[in-house]
Amino acid sequence: MSVVTVGRPQRPLSGRCQVPSDKAISHRAAILAAGSAGTSRIGNFSPAGDCHASTALVRRLGCEVTEDGDTLEVTGLGPSPSSRVFEEGLDCGRSGTTMRLGAGLVAGLPFTLQLTGHAQLLRRPMERVAEPLRRMGAEISTSAGGRPPIHLRGGELAGIEFTPPQASAQVKSAVLLAGLRASSPTTVFEPIPTRDHTERLLAAMGAHVVVAESDQGRSVRVEPGALNPLRLVVPGDASSAAVLAAAAALVKGSDVVLEKVSANPSRIGFFNVLRRMGARVEFEPRGDGRGPEPVADIRVRYAALEAFRIDAREVPALIDELPLLGLLATAAEGMSEVRGAAELRVKESDRIKGLIAGLRALGAEAEELEDGFIVRGPTTLRGGVCDAQTDHRLAMTFTLAGLVSEGPVEVAGSEFVADSFPGFLQSLRGLS
Ligand code: S3P
């Protein structure tokens, strides 16, 4: 396991930086392209390890995939691929998005296969996606405890009306993908809306998608039909941008600009909280605004921080940024509290447990709640050793802790950062 040691920077962070392209959009682009007829061209495809898992999966399913620099071309399986039995399990690496969206793609195809992955992924819940796909007509079973491997025989599907029991964009996306090959329309209802990249890309690929919002939540209805190939340049990743923004908000005097980042409202909850805490955050729109995803340069300037409260309604728009917010809370005046975020316990690690253990090891006043956490600040962290628990988001959070601790912070498991943000340390160094 790699260990990285981080200390305080000598000056404030400053400058401009382009973060890697968006992981969630890249996964969807590759997987939706696989389901289409024709060749899609995806520019600025994410270099994240997790997205490689998606390209590897669609290649194994029989798509032609070529890479030219950061541009990916994927030739889809078309409307009626011939039936196939895959003898060996298909590896989804450590990527939950690959496995869940992959299951949605395969559910309507005449394929019999097993989806498996790294030990970290084999601990994560998959019944949440198996259950609705089963209701649609796929033969699908999970292993002990509802975990992977997933055994799947795709086939003829019927549309369903479905409300996921937990707010999950991955589950929504899997059901919508399967809905494209069903015999009748499919509707997913979300009492608390989640990221909408799938809906946006489906519409861009010519699918008949209708989104309706009300006080009760958001419904997405998709009609069965073929997808056109996709032409897309993926914007920068809002979650990776959040890491560098958090660094700027922690280090006194910092002023950074993160260029060409996805400004999708369903993804930028972190920046809204950062603003509420007192940091100066500005969005400058980029591009012609005609692509499926809005893009902006985000400028973040240091200011004294105040505590925040986050409840279930706000969680999906910042779910992956909650570890960063836990760290920021140690520097903020007052008691910060996160509730309604029990989903954090079934991410790449139990992020509530791992985050609070790591922050406490550094000297923070932090406490676990069943569905969130409480942090009291401001505290000057002492430094020490943190275990990233094989989790890229914890690894980056603890790395940032080193920027504001009295002594150095050693992060065990720094290599996992590449699952979402290869080049993270270089980008951080570039700003400091
Ligand atoms: C993702 C959705 C979220 C998020 C994950 C990526 C996606 O997971 O935590 O990192 O791309 O749809 P859930 O859908 O399980 O909440």
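Residues numbered from 1 in each chain as written. Predicted model: local features only at pLDDT ≥ 70, side-chain atom pairs only at ≥ 80, totals over all residues. Heavy atoms only, no water.

Side note on the overall build of the protein chain
Across its full length, the protein chain carries 12 helices and 24 strands. The C-alpha atoms of the protein chain give 21 Å as radius of gyration, which agrees with the globular expectation for 432 residues (22 Å, within 12%). Across its three principal axes, the protein chain shows a C-alpha extent of roughly 60 × 45 × 45 Å. Looking at the protein chain as a whole, 59% of its 432 residues are labelled buried. Excluding contacts between residues fewer than 6 apart, the proportion of contacts in the protein chain whose partners are at least 24 apart in sequence is 75%. Here the protein chain displays about 16100 Å² of accessible surface, and carbon together with sulfur accounts for 47% of that area. (Helix = DSSP H or I, 4+ residues; strand = E, 2+ residues; numbered from the N terminus. Rg over C-alpha atoms; globule rule 2.2 N^0.38 Å. Buried < 20%, exposed > 50% of the residue type's maximum accessible area, 1.4 Å probe, protein only. Contact = heavy atoms within 4.5 Å. Areas by Shrake-Rupley, 256 points an atom, 1.4 Å probe, with all protein chains shown as cover.)

Brief notes about the nonpolar core
Among the nonpolar cores identified, the biggest contains 73 residues, and Phe270, Phe271, Leu325, Leu328 and Leu400 are the most heavily contacted of them. Looking at this core, the element that brings in the most residues is helix α7 (residues 238-250), giving 11 residues. (Core = buried A, V, L, I, M, F, W, Y, C linked by side-chain atoms within 4.5 Å.)

Some details on the layout of surface pockets
If you add up the space inside the largest pocket, you get close to 640 Å³. For the lining of the largest pocket, the secondary-structure elements that each account for two or more residues are α1 (23-35), α3 (96-106), α5 (169-179) and β12 (186-190). Split by domain, the lining of the largest pocket shows at least three residues from each of two domains, domain 1 (3-21 + 235-431) and domain 2 (23-233). (1 Å grid on protein atoms, 1.4 Å probe; cavity = no way out; pocket = protein on both sides within 12 Å on 5 of 7 lines; lining within 4 Å. Points joined across faces, edges and corners; volume = space filled by probe spheres on them. Domains from an automatic or database assignment.)

Side note on unusual backbone geometry
Omega for the peptide link from Pro148 to Pro149 comes to -5 degrees, which places this bond in the cis form. When you line up the elements, Pro149 lands in strand β10 (residues 147-153). Geometrically, the link from Gly377 to Pro378 is a cis peptide bond, its omega value of 0 degrees lying close to zero. Mapping Pro378 onto the fold places it in the loop between β22 (372-377) and β23 (384-387). A positive phi is found at Asn44, a non-glycine position, where the angle reads about 55 degrees. Counting through the fold element by element, Asn44 comes out in the loop between β3 (39-43) and α2 (49-60). In this structure Asn44 comes out as partly exposed when scored by relative accessible area, which is 27%.

Some points on the site of the ligand
By nearness alone, every residue bordering the ligand is listed as Ala24, Arg28, Thr97, Arg100, Ala167, Ser168, Ala169, Gln170, Arg195, Ile319, Asp320 and Lys347. Within the contact set of the ligand, an oxygen atom lies 2.5 Å away from a side-chain nitrogen or oxygen of Arg28. Here an oxygen atom of the ligand and a side-chain polar atom of Asp320 are 2.7 Å apart. Considering the ligand on its own, with 380 Å² of exposed area, one finds that the protein chains cover 94% of that surface. If you map the ligand onto the pockets, it falls in the largest pocket. Only α1, α3 and α5 provide two or more residues apiece to the shell around the ligand. A class-by-class count of the residues in the shell around the ligand yields four nonpolar, three polar and five charged. Counting only domains with at least three residues in the shell around the ligand, you end up with domain 1 (3-21 + 235-431) and domain 2 (23-233). (Near = heavy atom within 4 Å. Polar contact = N/O pair within 3.5 Å; in protein donor to acceptor, adjacent residues only side chain to side chain. Sits in = over half its atoms within 2 Å of the grid points. Nonpolar A, V, L, I, M, F, W, Y, C, P; charged D, E, K, R; others polar.)

Points about the sheet that holds strand β21 (residues 365-369)
Reading across from one edge, β19-β20-β22-β21 is the order of the four strands in this open sheet, with mixed pairing throughout. The two strands at the open ends of the sheet, each matched to only one other strand, are β19 (309-310) and β21. In terms of strand pairing, strand β20 (residues 334-338) meets β22 through five bridges, oriented antiparallel. If you follow Val338 over to β22, its bridge partner there is Phe373. (Pairing = 2+ DSSP bridges.)

Concerning the packing of aromatic side chains
In total, this model carries four aromatic pairs according to the counting rule given. Ring centres of Phe270 and Phe271 lie 5.3 Å apart, and the angle between their planes is 85 degrees; on these two criteria the pair is classed as edge-to-face. Members of the aromatic cluster, joined through ring pairs, are Phe270, Phe271 and Phe283. (Phe/Tyr/Trp six-rings, centres within 6.5 Å; stacked < 30°, edge-to-face > 60°.)

Focus: the domain arrangement of the protein chain
Here the domain parsing of the protein chain yields domain 1 (3-21 + 235-431) and domain 2 (23-233). The C-alpha centroid of domain 2 is placed 28 Å from the C-alpha centroid of domain 1. Taken together, the contacts link 30 residues of domain 1 with 31 residues of domain 2. In total, domain 1 and domain 2 occlude about 2500 Å² of area from one another, counting both sides; carbon and sulfur atoms represent 47% of this. On the domain 1 side of the contact with domain 2, Ser21, Pro292 and Asp419 bury the most area, a combined 24% of that side's loss. There are four salt bridges connecting domain 1 and domain 2. Where Arg94 meets Asp419, a salt bridge forms, and the shortest distance between an N and an O atom there is 2.8 Å. Connecting domain 1 to domain 2 are 18 residue pairs in polar contact (both at pLDDT 80 or more). Split by residue class, the side of domain 1 that touches domain 2 holds 12 nonpolar, seven polar and 11 charged. (Buried area = accessible area lost by both parts, 1.4 Å probe. Salt bridge = Lys/Arg side-chain N within 4 Å of Asp/Glu carboxyl O.)

Side note on helix α10 (residues 351-361)
Buried residues of α10: Arg351, Ile352, Gly354, Leu355, Ile356, Gly358 and Leu359, and no others. On its buried face, α10 sits against α9 (322-330), β21, β22, β23 and α11 (392-404). Two or three places before Ile352, at the start of α10, stands the capping residue Asp350, its side-chain oxygen 3.2 Å from that residue's backbone nitrogen. Phi for Gly363, located one or two positions after α10, is positive at around 105 degrees.

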